[in-house]
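# Descriptive analysis of the structure
Listed here are the chains, written in short residue letters.
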Amino acid sequence: MNDSVDKLVIFLAKRDGIDKLVKTFQYVSKLVHWHAESTNPKMAERFKQWEVSSGLSRKAFRTGRFLTGFNAMRRSPGSTPTLRFLAVLANAGEMIYFFFDHFLWLSKIGTLDPSLARKMSFISAFGESFGYIFFIISDFIALKEGLEEERKVMSLEDKSIDKKNESIRKIRSDRVMRLMAVAANVADLLIGIADIEPNPFCNHTVTLGISGLVSAWSGWYRNWPS
């Protein structure tokens, strides 16, 4: 598939695709608001409203998303006992994140008591950060195995050049996807830490803005149709 419009239509038809687009809006508007706040307050306020609206929209899009982690544990928990253990921890954290995100969304729009928002935000961010730690570990294990597999393929003498190149291409393509996943998870981990344990570095607007865009664009790359 070489047509860019076809690819864009397929990308935006996915829940993850539209989420990454709206996440880009959310964090670009956050950075613009920060930049314009002192020089153009009216424009800054418009971008602040866009940021808040985008964040709430993403929460609505994620309704029921916690079932993805549950299904992942049921269907493909991992090929080894270590990976299965890491997958259970990672997906359990993600399930907590998405499940309590429902209550955070409802409290922010006023359906539930707004005073619940802070507590729901903490629980959701804790589950998110917990899960990302184990996703990152799993990806590093997979990257290490990929490097070992590549060396093994390159050392084979009884395999044709074309087959060897095809195997190496697949391994390297998987490595790029894994690195994109690590980048996204590390960026989202920083955003989660800002919620759990506020500090000057993680809570700075530039840190949050750049982390959000790294996560969005890494996800964009991973979900873009090939």
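Okay, so let's go over this structure. Note that the structure is a prediction, hence the values are computed from the model and not measured.

### Structural notes on the overall build of the protein
A tally of regular secondary structure across the protein gives 8 helices and 0 strands. The secondary structure elements of the protein, listed N-terminal to C-terminal, are α-α-α-α-α-α-α-α. Taking the principal axes of its C-alpha atoms as reference, the protein extends roughly 70 × 40 × 35 Å. If you sum the accessible surface of the protein, you get close to 13,100 Å²; carbon and sulfur atoms cover 64% of it. Here the protein carries 31 positive and 24 negative side-chain charges, and the mean point of each set is 2 Å from the other.

### Quick notes on the packing of helix α5 (residues 81-108) against helix α6 (residues 117-155)
Working note: a packed helix pair is described by the angle between its axes plus the distance between those axes. Interhelical geometry of α5 versus α6 gives an angle of 155 degrees and a closest axis separation of 7 Å. Regarding the angle of α5 to α6, the classification is roughly antiparallel. As α5 runs across α6, the sense of the crossing is left-handed. Of the residues contributing to the contact of α5 with α6, the split by class is 18 nonpolar, 9 polar and 4 charged.

### Regarding the pattern of salt bridges
The tally for this structure, following the rule as stated, stands at 16 salt bridges. Between glutamate 51 and lysine 30 there is a salt bridge; the shortest N-O distance is 3.0 Å. Of this pair, glutamate 51 sits in helix α3 (residues 41-61) while lysine 30 sits in helix α2 (residues 15-36), and the two are 21 residues apart along the sequence. With respect to class, glutamate 51 is no different from lysine 30; both count as buried. One salt bridge in this structure joins glutamate 150 and arginine 172, with 2.7 Å as the shortest N-O distance.

### Thoughts on the packing of aromatic side chains
The geometry of an aromatic ring pair comes down to the distance between the two centres and the angle between the two planes. In this structure the tally under the stated criterion is 12 aromatic pairs. Both rings, one in phenylalanine 25 and one in tryptophan 50, keep their centres 5.3 Å apart while their planes meet at 35 degrees; by these two values the pair is tilted. In this pair, phenylalanine 25 sits in helix α2 while tryptophan 50 sits in helix α3, placing the two residues 25 residues apart along the sequence. Aromatic pair tryptophan 220 and tryptophan 224: ring centres 6.4 Å apart, planes at 15 degrees, arrangement stacked. We classify tryptophan 224 as partly exposed; its relative accessible area is 29%. Chaining the aromatic ring pairs together yields one cluster made of Phe66, Phe99, Phe100 and Phe103.

### Section: the environment of leucine 56
Looking at the element boundaries, leucine 56 is found in helix α3. Expressed as a C-alpha distance, the spacing of leucine 56 and glutamine 26, which sit 30 residues apart in the sequence, is 9.7 Å. Excluding anything up to four places from it in sequence, leucine 56 contacts Trp105, Lys108 and Ile109.

### Looking at the packing of α2 against helix α8 (residues 205-223)
Orientation of α2 relative to α8, taken along the N-to-C sense of each, is 160 degrees, at an axis distance of 9 Å. In terms of orientation, α2 and α8 fall into the roughly antiparallel class. Helix-helix and strand crossings are classified by hand; for α2 and α8 the assignment is left-handed. Counted by class, the contact of α2 with α8 contains 12 nonpolar, 7 polar and 4 charged residues.

### Notes on a nonpolar patch on the surface
A grouping of Val176, Met177 and Tyr221 is seen on the molecular surface, where their side chains present a nonpolar patch of about 250 Å² in accessible area. Its location among the elements puts methionine 177 in helix α7 (residues 161-196).

### So, the environment of isoleucine 141
One can find isoleucine 141 in helix α6. Taking the C-alpha atoms as reference points, isoleucine 141 and threonine 82, 59 residues apart in sequence, are found 9.8 Å from one another. In this structure, isoleucine 141 is in contact with Thr82, Leu83 and Leu86, ignoring residues within four places of it in sequence.

### A closer look at the side chain of serine 129
Following the sequence through the fold, serine 129 ends up in helix α6. The residues contacting serine 129, other than those within four sequence positions of it, are Leu189, Gly192, Ile193 and Ile196.

The rules behind these values
- Residues numbered from 1 in each chain as written.
- Predicted model: local features only at pLDDT ≥ 70, side-chain atom pairs only at ≥ 80, totals over all residues.
- Heavy atoms only, no water.
- Helix = DSSP H or I, 4+ residues; strand = E, 2+ residues; numbered from the N terminus.
- Areas by Shrake-Rupley, 256 points an atom, 1.4 Å probe, with all protein chains shown as cover.
- Lys, Arg positive; Asp, Glu negative; His and termini not counted.
- Charge placed at Lys NZ, Arg CZ, Asp CG, Glu CD.
- Axes fitted to C-alpha atoms, helices over the stretch in contact; angles between N-to-C directions.
- Parallel < 35°, antiparallel > 145°, perpendicular 65-115°, else oblique.
- Left-handed = near helix turned anticlockwise from the far one by under 90°.
- Nonpolar A, V, L, I, M, F, W, Y, C, P; charged D, E, K, R; others polar.
- Salt bridge = Lys/Arg side-chain N within 4 Å of Asp/Glu carboxyl O.
- Buried < 20%, exposed > 50% of the residue type's maximum accessible area, 1.4 Å probe, protein only.
- Phe/Tyr/Trp six-rings, centres within 6.5 Å; stacked < 30°, edge-to-face > 60°.
- Contact = heavy atoms within 4.5 Å.
- Patch = residues over 30% accessible without salt bridge, like charges linked within 9 Å, V, L, I, M, F, W, Y side chains within 5 Å.

Distances and angles like these do not, on their own, reveal function.
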